[in-house]
Amino acid sequence: MKNILFNHGLTTKELGHNFIVFDEIESTNDYLNEKANDLAHGSVVKAIYQTKGKGRLDHKWHGEKNTSLMFSVLIKTKMNATLKIKIVFAAAIALFHTIKKLYNITTSIKWPNDLYFSDKKIAGILCQMQNDFVIAGIGINVNQQDFPEEIQNIASSLLLITGIKVDLNMFLANFLNYFENTINTLCTEGFYPIREEITKNFYLMNKEVNIETPKKTIHGIVKGMDDDGQLLLDVSGKIKKIMAGDVHICF
Ligand code: BTN
């Protein structure tokens, strides 16, 4: 029997055909990491609530029951590692298009994995890579009416921004439709078309930032992203390439 996502506009060949929902789970990424061998490519796990939601670089991800959308997608792929690490960007562009379609607003992508609107975070992506698969875990602030005081200045929801309330499964089905396409683009055409779209909507472009890397904090001005997905940073007139790190804007 077809799952509920098909009633909400799912048109994919594979993504979302196996759809598992938990009322409460520690983390949908952890679940897929454990069960990946037993599950089909394209399986999607959604949580109504996560007790140990994870973000990048050991951050926690707090989602609100029934108003925020939290899910992970299992991508079993023979792509080489160089392309697999770009899946996070394929997910970001898919999210960008979903939001444009459903709300008619233009978000921007904060390298490497966040979506922003008016200097506030709307969504985050956590991709975890193994030999044969990638898990793309995504948290989106869809219908929250408010946020705890400590993050009110840095986070917002699509409902607060647009006044539009959207069904979470409908959002998910639309996202998966786009995500299947952007993954196909990555497989068939490589990173270039996705990189082009990201750089057109690059939240950090020409911003002064501090980047926390495991070893040190680097200060500079963002100049874009290269063919490998690395951030290009102007540090005292010299371009440095940053592979990973936590980016803080100097407001
Ligand atoms: C980030 O902003 O650093 C990434 C946040 C990713 C959160 C999502 S929610 C669904 C999936 N399960 C998790 O534990 N994390 C991701």
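Quick look at the structure, then. Keep in mind the model is a prediction, meaning the values are calculated, not measured.

Moving on to the sheet that holds strand β5 (residues 114-117). Across the sheet, which stays open at both edges, the seven strands sit in the order β1-β2-β3-β7-β6-β5-β4 with mixed pairing between neighbours. The sheet is open, and its two borders are formed by β1 (19-25) and β4 (108-110), each paired with just one other strand. Neighbour-to-neighbour, the strand axes of the sheet open up by a mean angle of 20°, direction not taken into account. The pairing of β5 with strand β6 (residues 120-129) spans four bridges and is antiparallel. Looking at the pairing, Y116 lines up with K121 of β6.

Their axes nearest at 8 Å, the elements helix α3 (residues 87-103) and helix α5 (residues 168-189) cross at an angle of 135°. Considering their axes alone, α3 and α5 lie oblique with respect to each other. Viewed along their axes, α3 and α5 form a crossing whose handedness is right-handed. Contact residues: α3 offers I87, A90, A91, I93, A94, L95, H97, T98, I99, K101, L102 and Y103, while α5 offers M170, F171, N174, F175, Y178, F179, T182, I183 and L186. By residue class, the composition of the contact of α3 with α5 is 16 nonpolar, four polar and one charged.

Of all hydrophobic cores here, the largest spans 65 residues; its most connected members are I140, F171, F175 and F179. Broken down by element, this core gets its largest block of residues, 13 residues, from α3. Residues contacting F171, with those up to four places away along its chain left out, are L69, L95, T98, I99, L102, Y103, I140, V142, L158 and V166. Core analysis: the second largest hydrophobic core is formed by eleven residues, L32, V45, F133 and I135 among them.

In this section: a nonpolar patch on the surface. A contiguous nonpolar patch, built from I85, M129 and M243 and spanning about 270 Å² of accessible area, is present on the exposed surface. Along the chain, M243 falls in the loop between β11 (238-242) and β12 (246-249).

Lining the immediate surroundings of the ligand are 21 residues, of which S27, Q50, K54, R56 and K121 lie closest. At a separation of 2.8 Å, an oxygen atom of the ligand approaches a polar side-chain atom of S27. K54 is positioned with one of its backbone polar atoms (N or O) 2.7 Å from a nitrogen atom of the ligand. In isolation the ligand offers 420 Å² of accessible surface; the protein chains occlude 98% of this area.

Strands sit in the order β11-β10-β9-β8-β12 across an open sheet of five strands; the sheet is antiparallel. Looking along the sheet, the strands with just one partner apiece sit at the ends: β11 and β12. Put simply, the sheet's adjacent strands are angled 45° from each other on average, direction ignored. Of the pairings in the sheet, the one linking strand β9 (residues 217-225) to strand β10 (residues 231-235) comprises four bridges and is antiparallel in character. Note that in β10 the partner of V222 across the bridge is L233.

The next point concerns the pairing of β5. Residues in a regular strand point their side chains to alternate faces of the sheet. Alignment of β4 against β5, held across three bridges, turns out to be antiparallel. Along β5, the bridge assignment pairs I109 with L115. Linkage of β4 to β5, two consecutive antiparallel strands, is achieved through a turn of three residues. Hairpin remark: β5 followed by β6, antiparallel, with two residues in the connecting loop; positive phi at S118, about 50°.

Definitions and limits used
Residues numbered from 1 in each chain as written. Predicted model: local features only at pLDDT ≥ 70, side-chain atom pairs only at ≥ 80, totals over all residues. Heavy atoms only, no water. Pairing = 2+ DSSP bridges. Helix = DSSP H or I, 4+ residues; strand = E, 2+ residues; numbered from the N terminus. Axes fitted to C-alpha atoms, helices over the stretch in contact; angles between N-to-C directions. Parallel < 35°, antiparallel > 145°, perpendicular 65-115°, else oblique. Left-handed = near helix turned anticlockwise from the far one by under 90°. Contact = heavy atoms within 4.5 Å. Nonpolar A, V, L, I, M, F, W, Y, C, P; charged D, E, K, R; others polar. Core = buried A, V, L, I, M, F, W, Y, C linked by side-chain atoms within 4.5 Å. Buried < 20%, exposed > 50% of the residue type's maximum accessible area, 1.4 Å probe, protein only. Patch = residues over 30% accessible without salt bridge, like charges linked within 9 Å, V, L, I, M, F, W, Y side chains within 5 Å. Areas by Shrake-Rupley, 256 points an atom, 1.4 Å probe, with all protein chains shown as cover. Salt bridge = Lys/Arg side-chain N within 4 Å of Asp/Glu carboxyl O. Near = heavy atom within 4 Å. Polar contact = N/O pair within 3.5 Å; in protein donor to acceptor, adjacent residues only side chain to side chain.

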